[in-house]
Every structure is written in structure tokens, then in C-alpha cells.
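What the coordinates show
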Amino acid sequence: MASLLRQASCGTVRAFAGCTGPRLPLRRLLSTSAPSFNKLTDDDLAFFRSVLKENDVITDTESLKTYNTDWMNKYHGKSTVALRPRSTEQVSKILKHCNDRRIPVVPQGGNTGLVGGSVAVEDEVVLTLAGMDKVLAVDEFAGTATCQAGVVLQQLQEAVEAKGYTVPLDLGAKGSCHIGGNVATNAGGLRFLRYGSLHGTVLGIEAVLADGTIIDNLNTLKKDNTGYDLKQLFIGSEGTLGIVTGVALALPKLPSSVQLAYLAVDSYESVLTVFKEAKGHLAEILSAVEFLDDQALDLTLEHLHGARNPLESRAPFYMLIEVSGSNEEHDAEKLNGFLEAMMEGGQVTDGTLAADTVQMQGIWRIREGITEALSKAGAVYKYDISLPLPQLYDLVEDTRTRLDGEEATVVGYGHIGDGNLHLNISTPKASDAVFNKIEPWVFEWTREKRGSISAEHGLGAMKGKYLNMSKSDESIKLMKQLKTVMDPNGILNPYKVLPGN
Amino acid sequence: FHSLSTRGSIIDMSGLRILVGVKRVIDYGVKVRVKPDKSGVVMDNVKMSINPFCEIAVEEAVRLKEAGVASEVLAVSIGPAKALDTIRHALAMGADRGIHIEHDSLGLAPLQVAKLFKAVCDKETPDMVILGKQAIDGDFNQTGQMLSALTGWPQATFASEVKVADGAAEVTREVDGGLETVGVKLPAVITTDLRLNEPRYATLPNIMKAKKKKVEKTTPADLGVDVAPRVEVIKVEEPPTRKAGITVGSVDELMDKLVNEAKVL
């Protein structure tokens, strides 16, 4: 029973040191199928060293600290070895061995995830894709890129920009996150509104299954209706169905004209009106619609190095509206028409239009830097929720009401164009009292509105146990069946994603 | 408000008229590419914006107006039709009116630009001219100095701080050895350096208002300036690509490379 308790407790949120998570109900403990894993032996290490280069088998505690700590410094693994393969064949050999030996593995990309999905929960072996960082091909006629999973997103962006294309996704973590990790988590980001989901833009995937089988679907065909579309299984599976080792992406043309407006808006109803009007006026050139509340701006100006308020006035909400296209005059005309209408209508009380790329970056820094500012401000409880637009901000206000009296700052921001709220609660230090008021209440609130408890961040180690708040029991059962088929020994990223793992 | 240098007595300082030069250049963030025929750089479909040093000049002038030291800021640009956008941006930041000297500015070198500004100064008689120290396309860093010579006005270049009082300006300059402070009697030419100020974002209400501010159009011929080029660009090339660096394994290996490969020892 004690070992079952330990296994089960691994799936709980292990917040900051000294914070005890919620207690699991007994029924949940008994439904846990605790996987039985083996510990690493010297023979295993010798095997790894026979497959990989000497310095790609990392065992020294100093180096392991990075592999064992997530970006938020919230989740800490106890892995004693990190492996850094340089080829798909090496990944295959490692996984085959680990599967035979029942040694659990946590695949790791840029380690920038926000739900504890990329570090070990216990002492799983870390398998980092950082050694597979080559862009293999950029086809400037077809508009496709093929690369290894460990290519950093920004590096991929630079490679395709040189040929006149852009990667169809962009996020604040672009300097560190890997395209393989983006694909494995079905990352959303700032341009989801314009380019859509990775489920649509990924053309092919090469992945390695738990038993070492290499599934090579790495082609760049736009249309291929031959059998079940296996790549969709890997996209968003967060490393639990296979390890993505190669990605082929469709690339949109790099827009030659990009313009950014930053608007002060007088109410949430106005935010929705501005969004609706933006779609009407700007139509096909609209490429990003983001929002943040004044509390988020406040926190960011206080804690983010180099942040500067673009406006002198303050307002309850701010929006970033970006347009991109192939004709600057045409886009500027549409944008000016839209801005004039919004100022006349009174929804927009102030705003600015970025005059050059430096100002554009300055404005994006505000929106992209909120996460970093929150990390610096103290402890943060982070939620990523999809909700119907009219009710989206109600969650922020209800959270404020609920935490009234606590030393907590509640901020709301996110991809309003996608109906995706980032709700964050900042406290000076970790607080059980605050945490217990938030969870599971915030997920129950979301379930009631038929929202998603994780719009884009995924489940990781944090939210698997709440999956039934957004998916039916039948769906979860089918997911578990799929997992058993693809990873019978459960060695791939255990304790994550599905409840009871 | 006459030129202060022609009077000896104490002048009313609340009415300084400042002329600011603004240039439309390839945006700072763009990766510039050389045309295949090596005649110049690719300008088609490339993002253009106000030269960063000119933006700083506008900001400084507007701040002087807000401090009650200046009463009018005049933005001047030389360029094709689209240069008007740059003037409008200066107006949105707070300049009062503009002058657009229409010319396909690609052929213009600093001397011609300085002559055109001299002609405008003769007409407008400003108390101060603030220019960016250089444009990020040509990087010449000559126009301000040449204008000073043509007008006979003192110059204070690479300004990182400007204080105006009693018909003179005290300007702190960024020079190789550190900071140097000079005093110049007005009228004078000041060129801006990066640390002078951080330009404001133009607000939407001001962008709308700027559309109604007056911009006068003129040409080099109207100003009586000969802008025939004195310099012919023969070829434009990219700098040679840097070779990748290598990590050496030992001091001996480093010495070997320094002596035998790089031949610097």
C-alpha cells in the first residue's frame, strides 16, 4: 500500500518546497495502475556508453541539475543520468534497451513547458533531443522545412526566413524551445490565430516507439490520405506515445509587411467588440490578437527588466493587434480604417502604432514577458484555460473574489483571439491556503462552462488527474487503451498526461 | 524671433524654433541584402521606417517644447513621396509642421543634404537644428558638421544631453575618451547620439491629429540647390563571410595556429 501511495502521489502537483498537495481520495489511489520499473545498473550505463559518445552520457550532479529542473523551478526530478543521442538510430537503440529492461524514460526538448511534463518525477532517465539540432532541408518552392526534433524554434525561424518563409508558430519561449517539443505538446502560441494548429501545419513526423521501432512518416507531401494519419497521434501526446525525432513542416510565406497596434480598451465587453471589428475590418491580414489586463501590465512593469509602458494612460485592458501581408499600403489603409472606427466608437481610449521593429519588439516584450515577470515576482499558480469568449474574463474576476483577503495578485491575459485565457495567481511565496482555494475550484468552474482545463500547455505532471473535467470517461478509456498498445510497459514519460499513470 | 546671434541683449527664451531633420531608411530590424547585380541593396518590399537617430532628434525637440523652451518644431525630410510618412510620424510625436523636399534621395550624399538644409534654414531661420548624428543606411556622420560649416553656426555633435538657457545650449557629447561638455551659442547645429533620450510611442489620437498638420512640399530646384551627385557608386558587396571559429585543445595548439595559420606571431 505504501508503494502504491508513493506511486500515486507522484502524479500530484508537487508545488514549491514545503507545499503539500491536495490529498487524493482513496478510490483514486486504488484505481492507479502502478507501473513496475527497474532501477539503473552499471550494465545499463555501459550499454548507453556503447551506443552514445562518452560526453553524451551525463551523470555528474552539477550538469544533471539543469535536466532535473523545469523552467519555473517548480518541478524537480531525481534523474541520475541524461542521455543525448545524435541520431534517430541511437534513440531507437536506447529505447529498445530501456523497454526490454523496463527502465522509464522522460523525453526532453527545450525544457520550457509549464506543466512539469519535461522533467522526471522520480529517477526516470532523461533523453534530451538537444544533440539532434540540424535543419535538414528547406524547400523554397514547395514551402516546407524538414529538421531534427532538437532544432531550437528561433534557429528554425532564422533558417527559413533566409529563404523567404516563416515558421507557422511563435511563442515567448522561442529562444529555448525545440520544434520537437512544440510538436509533441501541440504548442499554440501567438500566431495560432493566423496559421492554425500544428495538427494542420505538420506534414510529416519521424518518431521512435517505446520498443525502439522507428516510424518514418517524414515526408513533405501536402496531401496523403493513405491509411490512418499516425503523425496526429504523436502531435500533442507529450512524449507518452513515442519520441518525436524529426519534423516536416509546411511554411507560410514570410510576410513583407507587418504592423502592430497596441490599444487601451475600456472594458471586457469592448475587448470582444474590438476583436469582432478587427476580424471584420482586417479579415485576411489579421495575424495576432492578444490581450492583457491592467493588473498583468502592472506586475510586468514592476518585475520585467527593460519593460516600458508604450502608453502614458492606463486602462482596464490592453490589446495587441497585429496584421501581416504582402502589401504595406493596403494593410496600413485597412488598419487605419479599423483604428479610426474603434476610436470613434469609444471602445479604444488610447493606443499606439509601432513605428519600427524596435517599437514592435518593445510592445511584444510586454505581452511575451508577463510569464517571466511572474516568475520573478514570487510564487505563481498558472492556469491555461479555453472558454467561450463572453465568459472568459468572468473566471479572472471570480478568482479575485474568491481570493479576496489573501495576499495574492490575480492577473489575466492571453490569446483572446483563440478564446484562450492565461490565468495566473501571484503570491509572495508558496501558500497552501491560496493553492487549496484555487484547485480544484478553477477546474470545476471550467468544466461547468464546458471549457478546456488546458488550452495549449498540455497536461504534463500537473493536470492529468483533472482530465475528466474536460473529457468523458469513454474518451479517457480509449486514450488509455491506445497508450497500452503503443507503450505496453509504460516507459515513456510515466506519471504524466493520463490520470492514474 | 530673430536669430539670437545677431543681438547682444537678453532674449525672451520661451520662443525657440527648432528644425529637425528626419530620414526614411530601411528599418533597423531588417536583414539587408545586396542586389544580385551589386548595384545596391534590395529595397523592394522591404520595411522602411524613421532613422533611429532622427527619431531621437524629434523626441528631444518635442521635449524642449513641452518644457516651454521651444515654441515650434519643424520636421524636414528629403525623399520620394513616401518620405511623407516619416514626416507624419514626426508630427505624431509632436512636431508642429513639416517640409517635404521631394527627391529620389538615393543619389544624395551628405554635402547635398547639408546644402538643402542650409537653404531651408535661410528661409525658416530656426534657432536650433537637431539632426541625427548619422543615418543607418549611409552611416556617414557628416551632414550635421557640413551644415554647421555652411551656415557658420557652432556644432555640438554626438549629444547625450542637451540643456538650453540664455541663448545658448550646453551639450554633453559622447566621445572616445568619455564625455565632453561644450557650450554653443544659438543658433547651433546639434546631432543626436543614442543615449540622448528614448523616443516616445506616437499615440493614436496624435497620429490622427498629425494628418491635419501642415506639410509644405518643395523641390531642390525651388530651393536653388544643385543636387547633382558628386560621387558615383560603382559596386556594393557584402563583407566577406566570417569563417567559423574552432575550439583548440591546448595552448600548444593555439600557438601553432597563431604562428602557422593566422601568421600573427
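What counts as what
Residues numbered from 1 in each chain as written. Chains lettered and ligands numbered in written order. Predicted model: local features only at pLDDT ≥ 70, side-chain atom pairs only at ≥ 80, totals over all residues. Heavy atoms only, no water. Helix = DSSP H or I, 4+ residues; strand = E, 2+ residues; numbered from the N terminus. Rg over C-alpha atoms; globule rule 2.2 N^0.38 Å. Buried < 20%, exposed > 50% of the residue type's maximum accessible area, 1.4 Å probe, protein only. Areas by Shrake-Rupley, 256 points an atom, 1.4 Å probe, with all protein chains shown as cover. Lys, Arg positive; Asp, Glu negative; His and termini not counted. Charge placed at Lys NZ, Arg CZ, Asp CG, Glu CD. Contact = heavy atoms within 4.5 Å. Axes fitted to C-alpha atoms, helices over the stretch in contact; angles between N-to-C directions. Left-handed = near helix turned anticlockwise from the far one by under 90°. Nonpolar A, V, L, I, M, F, W, Y, C, P; charged D, E, K, R; others polar. Pairing = 2+ DSSP bridges. Core = buried A, V, L, I, M, F, W, Y, C linked by side-chain atoms within 4.5 Å. Buried area = accessible area lost by both parts, 1.4 Å probe. Salt bridge = Lys/Arg side-chain N within 4 Å of Asp/Glu carboxyl O. Polar contact = N/O pair within 3.5 Å; in protein donor to acceptor, adjacent residues only side chain to side chain. Disulfide = S-S within 2.5 Å. Arc of directions from axis to C-beta.

Helix and strand counts for chain A stand at 19 helices and 16 strands. For chain A, the C-alpha radius of gyration of 23 Å lies close to 23 Å, the compact-globule estimate for 501 residues. Considering only C-alpha atoms, chain A reaches an extent of 70 × 60 × 45 Å along its principal axes. Burial status across chain A gives 56% buried among its 501 residues. Of the roughly 20,500 Å² of accessible surface on chain A, a fraction of 50% belongs to carbon and sulfur atoms. Put simply, chain A has 49 plus and 62 minus side-chain charges, and the middle of one group is 7 Å from the middle of the other.

This paragraph deals with the overall build of chain B. When helices and strands are counted, chain B shows seven helices and eleven strands. Per-residue burial for chain B yields a buried fraction of 47% across its 265 residues. Of all intrachain contacts in chain B linking residues separated by at least 6 positions in sequence, the fraction that spans at least 24 positions is 71%. Accessible area of chain B: about 14,100 Å², with a carbon and sulfur share of 54%. Each charge class in chain B can be summarised by its mean position, and for the 35 positive and 36 negative side chains these summaries are 4 Å apart.

Residues and elements named next belong to chain A. At a minimum axis distance of 9 Å, the contact between helix 11 (residues 268-282) and helix 13 (residues 328-345) shows a crossing angle of 150°. In the packing of helix 11 onto helix 13, the handedness of the crossing is right-handed. Listed contacts from helix 13 to Val-274, Glu-277, Ala-278, His-281 and Leu-282 of helix 11 are Lys-334, Leu-335, Gly-337, Phe-338, Ala-341 and Met-342. Of the residues belonging to the contact of helix 11 with helix 13, the class tally is seven nonpolar, two polar and two charged.

Attention shifts here to the environment of Ala-149 of chain A. As for its placement among the helices and strands, Ala-149 of chain A is situated in the loop between strand 6 (144-148) and helix 6 (153-161). Residue contacts for Ala-149 of chain A: discarding those within four places in its chain leaves Leu-129, Met-132, His-178, Ile-179, Gly-180, Val-244, Thr-245 and Gly-246 of chain A.

The next thing to look at is the sheet that holds strand 10 (residues 257-265) of chain A. All names here are of chain A. An order of 13-10-12-11-15-16-14 is seen for the seven strands of this open sheet, with the pairing classed as antiparallel. Two strands close off the open sheet at either side, each with one partner strand: strand 13 (348-353) and strand 14 (379-386). Each strand axis lies, on average, 15° off the axis of its neighbour in the sheet, ignoring direction. Relative to the sheet, helix 11 contacts strand 10, strand 11 (286-293), strand 12 (317-325) and strand 13, its axis offset from that of strand 12 by approximately 10°. Its contacts with the sheet place helix 16 (residues 389-402) against strand 11, strand 12, strand 14, strand 15 (409-415) and strand 16 (420-427), and it is angled at close to 15° to strand 16.

Another point: the nonpolar core. General note: in soluble globular proteins, nonpolar side chains tend to be found buried as a group. Counting 100 residues, the largest nonpolar core has Leu-263, Met-319, Phe-338 and Tyr-383 of chain A as the members making the most contacts within it. Leave out the neighbours within four places in its chain, and Leu-263 of chain A touches Val-274, Phe-317, Tyr-318, Met-319, Ile-321, Phe-338, Leu-339, Val-348, Asp-350 and Gly-351 of chain A together with Leu-204 of chain B.

Residues and elements named next belong to chain B. Overall, mixed pairing links the nine strands, which are arranged 9-8-7-10-6-1-4-5-11 in an open sheet. Two strands close off the open sheet at either side, each with one partner strand: strand 9 (178-185) and strand 11 (215-218). When strand polarity is set aside, the average angle formed by the axes of neighbouring strands in this sheet is 30°. With three bridges joining them, strand 1 (residues 16-21) and strand 6 (residues 128-132) adopt parallel strand pairing. Bridging from a neighbouring strand, Leu-19 pairs with Val-129 of strand 6. Contacts between helix 1 (residues 52-66) and the sheet are confined to strand 1, strand 4 (70-79), strand 6, strand 7 (155-165) and strand 10 (188-192), with strand 6 contributing the most and set at about 150° to the helix.

Turning our attention to the interface of chain B and chain A. Listed as interface residues are 22 residues of chain B and, on the opposing side, 27 residues of chain A. For the pairing of chain B and chain A, the buried interface totals around 2,100 Å² over both sides, and the portion due to carbon and sulfur atoms is 52%. Looking only at chain B, the three residues that lose the most surface to chain A are Lys-47, Tyr-201 and Leu-204 of chain B, adding up to 37% of its buried area. Linking chain B with chain A are three salt bridges. Two residues, Lys-211 of chain B and Glu-340 of chain A, come together in a salt bridge whose shortest N-O distance is 2.9 Å. Counting every contact that joins chain B to chain A gives eleven residue pairs in polar contact (both at pLDDT 80 or more). Counting residues per element, the ones that place at least two in the side of chain B that touches chain A are strand 3 (48-50) and helix 5 (204-210) of chain B. The element that contributes the greatest number of residues to the side of chain B that touches chain A is helix 5 of chain B, accounting for four residues. A class-by-class count of the residues in the side of chain B that touches chain A yields nine nonpolar, five polar and eight charged.

This part is about the state of the cysteines. Residues and elements named next belong to chain A. Enumeration over the complete set of coordinates arrives at zero disulfides over all chains. Unpaired in this structure, Cys-177 has its nearest cysteine sulfur neighbour in Cys-147, at a distance of 12 Å. Note on Cys-177: relative accessible area 3%, which makes it buried.

What follows covers helix 6 of chain A. Residues and elements named next belong to chain A. Taken together, the buried positions of helix 6 are Leu-153, Leu-156, Gln-157 and Val-160. Here the buried residues of helix 6 occupy an arc of 105° about the axis, which is enough to place them on one side. Of the surrounding elements, those touching the buried residues of helix 6 are strand 5 (135-139), strand 6, helix 7 (179-184) and strand 9 (243-250).

This paragraph deals with the pairing of strand 12 of chain A. Residue and element names in this part refer to chain A. Of all nine residues in strand 12, nine are buried; the element is thus mostly enclosed. Residues Phe-317, Met-319, Ile-321, Val-323 and Gly-325 line one face of strand 12 and the alternating positions Tyr-318, Leu-320, Glu-322 and Ser-324 line the opposite face, and both faces are buried. Taken together, the nine bridges between strand 10 and strand 12 define a ladder with antiparallel strand orientation. Note on strand 12: the bridge partner recorded for Gln-259 is Val-323. With seven bridges joining them, strand 11 and strand 12 adopt antiparallel strand pairing. Within strand 12, the residue paired with Asp-293 across the bridge is Phe-317.

Shape is all these values report; function is a separate question.
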